[in-house]
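Chain residues, written in single-letter form:
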Amino acid sequence: MKYPCPSNLNIWWNMGSMLFVTLAIQILSGIMLSMNYTADGNLATESMSYILRDANYGWALRSTHMAGASLFFALIYIHVGRGVYYGSYMKLPHVWYSGVTLYLLSMGVGFLGYVLPWGVMSYWGLTVITNMMTVFPGGARALEWFQGGFTISTFTLKRVFVLHFLLPFVILGMSVAHVLLLHNNGSSNPLGLDTTELVVPFHPYYTSKDLVGFVFMLAGLAALAFTFPKITADPLQWQTINKMKTPAVIKPEWYFLYAYAILRSVPHKAGGLALMFAAILGIALLPTLGKYAKTQSMVMSPLGEALFFIWVANFMFLGIIGSQEPAGAWILAGQVGTFVHLFCMLSIPAANAKWEKMLFNGYGRWIQI
Ligand code: HEM
């Protein structure tokens, strides 16, 4: 009730509360789906059909869970984008690090969930990603241990299901820690300036604003789940697994396409993996890189702003590349996209510092705002 908040928070500060609601929807719909799902190589696809056709409102639960996963990642990307644009990582590094952990955990859960329908893409997606373990020393043993044998089988599916069930609760606990860390210092704001003297209580100002966000978000989720339930679905997921026939294009859900494009950008297993981790974990370096800049928000730094929007456009471009067959010009496009991604992301704080220098050079001291 009394939590003091800056009075100028815009809609991009609504994403965190929306993420919480989406997480709750995913956990509840997931628990109900689990009551009818069977984690067995021979029965998984059958049980998916049962959920969609026979179980009471099973279609609604499954569509909501599928659309909810897309919504969750869309919100995470906007939430992270907000943090980069407004430089939240500079003021709140610990909140940022807990956020990076949340993103990694969410990627794990999203990936494991896609395996459960046990369709063609589940099998080959799991094959491609788990085989990455073999680049590490002892990776082959670890892979065998994870698979529960020499190849992917029912044992693997059971492990995947257990982890997919368990990890969202870890995400929930971590999200609470994330918000507790935030409450130590309080939110940043769109101008990135000190607003200690201009605060308003969380209630009723931001409780009402968050409620408006929930209405729009739930309307979007319902539209996606009940009007376009198959928009993100891959038809290959309804084909029975054929271990002897690799599909022409193996690709993950849209929210992992940028990372997948980077993984395939170099024709070297370990190199691609290293680049992909650099691209995902690069955001963890921002608080350190940001130490050299005093300008927090891009509202104050057109140079950083330009890099930010190139970064966002390139992220979408990488998404298109990730969904294509890696041949011809797409390979070169992937390499260019990977370079632009890493360059823009890591040089945004430096661009802010450069802009400050250009503005204030000659004055010999900082202009206090
Ligand atoms: C399960 C995922 C997540 C949940 C439930 C969550 C939840 C929240 C909530 C409720 C807030 C306060 C409201 C707001 O500012 O939007 C917040 C703020 C914040 N989050 Fe997250 N978050 C998640 C993921 C992330 C990720 C992936 C990052 C970054 C890598 C991140 C970084 C931040 C930062 C820096 C703030 C403070 C922003 C500011 O005040 O300027 N969060 N988060």
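Computed from a predicted model, the values in this text were never measured in an experiment. (Residues numbered from 1 in each chain as written. Predicted model: local features only at pLDDT ≥ 70, side-chain atom pairs only at ≥ 80, totals over all residues.)

Focus on the environment of Thr-156
Turning to its location among the elements, Thr-156 is positioned in helix α8 (residues 154-185). The exposure class assigned to Thr-156 is partly exposed, which follows from the 19 C-beta atoms found within 10 Å. Here the alpha-carbon distance between Thr-156 and Leu-126, two residues 30 residues apart in the chain, equals 9.7 Å. Those residues in contact with Thr-156 that lie beyond four places of it in its chain are Gln-147 and Gly-148. (Helix = DSSP H or I, 4+ residues; strand = E, 2+ residues; numbered from the N terminus. Buried ≥ 20, exposed ≤ 12 C-beta atoms within 10 Å, placed from the backbone. Contact = placed C-beta atoms within 7 Å.)

Regarding the site of the ligand
Near the ligand there are 30 residues, and of these Gly-16, Ser-88, Gly-99, Ser-187 and Ser-188 occur at the shortest range. The element best represented in the shell around the ligand is helix α5 (residues 93-115), accounting for seven residues. Among the residues forming the shell around the ligand, the class breakdown is 19 nonpolar, eleven polar and no charged. (Near = placed C-beta within 6 Å. Nonpolar A, V, L, I, M, F, W, Y, C, P; charged D, E, K, R; others polar.)

Let's talk about helix α11 (residues 269-281)
With 13 residues, α11 should reach 18 Å at 1.5 Å per residue; the first-to-last C-alpha distance of 18 Å fits that figure. Those residues of α11 not exposed but buried are Gly-272, Leu-275, Met-276 and Ala-279. All buried residues of α11 lie within an arc of 100° about the axis, which places them on one face of the element. Exposed positions of α11 whose direction lies more than 90 degrees from the buried face are Ala-270 and Leu-281. Among the structural elements, α10 (257-263) and α14 (329-360) are those in contact with the buried residues of α11. (Expected span 1.5 Å × (residues − 1). Arc of directions from axis to C-beta.)

So, the nonpolar core
Among the nonpolar cores identified, the biggest contains 31 residues, and Tyr-258, Ala-259, Ala-261, Ile-262 and Leu-318 are the most heavily contacted of them. Going through the elements one at a time, α3 (58-85), α4 (88-91), α5, α10, α11, α13 (302-322) and α14 are the ones with two or more residues in this core. Of the residues forming this core, the biggest block, seven residues, is contributed by α10. Residue contributions to this core reach at least three from each of two domains, namely domain 1 (1-237) and domain 2 (251-369). Beyond its immediate stretch of four places on either side in the chain, Ala-261 contacts Leu-318, Ile-321, Gly-322, Gly-334 and Gly-337. Grouped together as the second largest cluster of nonpolar side chains are 23 residues, Tyr-37, Leu-112, Tyr-114 and Val-120 included. (Core = buried A, V, L, I, M, F, W, Y, C linked by C-beta atoms within 7 Å. Domains from an automatic or database assignment.)

A closer look at the domain arrangement of the chain
On domain assignment, one finds that the chain holds domain 1 (1-237) and domain 2 (251-369). Domain 1 and domain 2 are separated by 23 Å when their C-alpha centres are compared. Facing 25 residues of domain 1, the contacting portion of domain 2 comprises 22 residues. Contributing elements (two or more residues each) for the side of domain 1 that touches domain 2: α3, α4 and α5.

Notes on unusual backbone geometry
A negative phi angle characterises most non-glycine residues, just as the trans form characterises most peptide bonds. Residue His-203 is joined to Pro-204 through a cis peptide bond whose omega torsion reads 10°. Within the fold, Pro-204 resides in helix α9 (residues 202-226). Phi at Tyr-57 is positive, roughly 55°, even though this residue is not glycine. Mapping Tyr-57 onto the fold places it in the loop between α2 (44-53) and α3. Its 10 C-beta neighbours within 10 Å are what place Tyr-57 among the exposed residues. You will see that Trp-118, though not glycine, has its phi angle at about 55°, which is positive. Relative to the elements of secondary structure, Trp-118 occurs in the loop between α5 and α6 (120-130).

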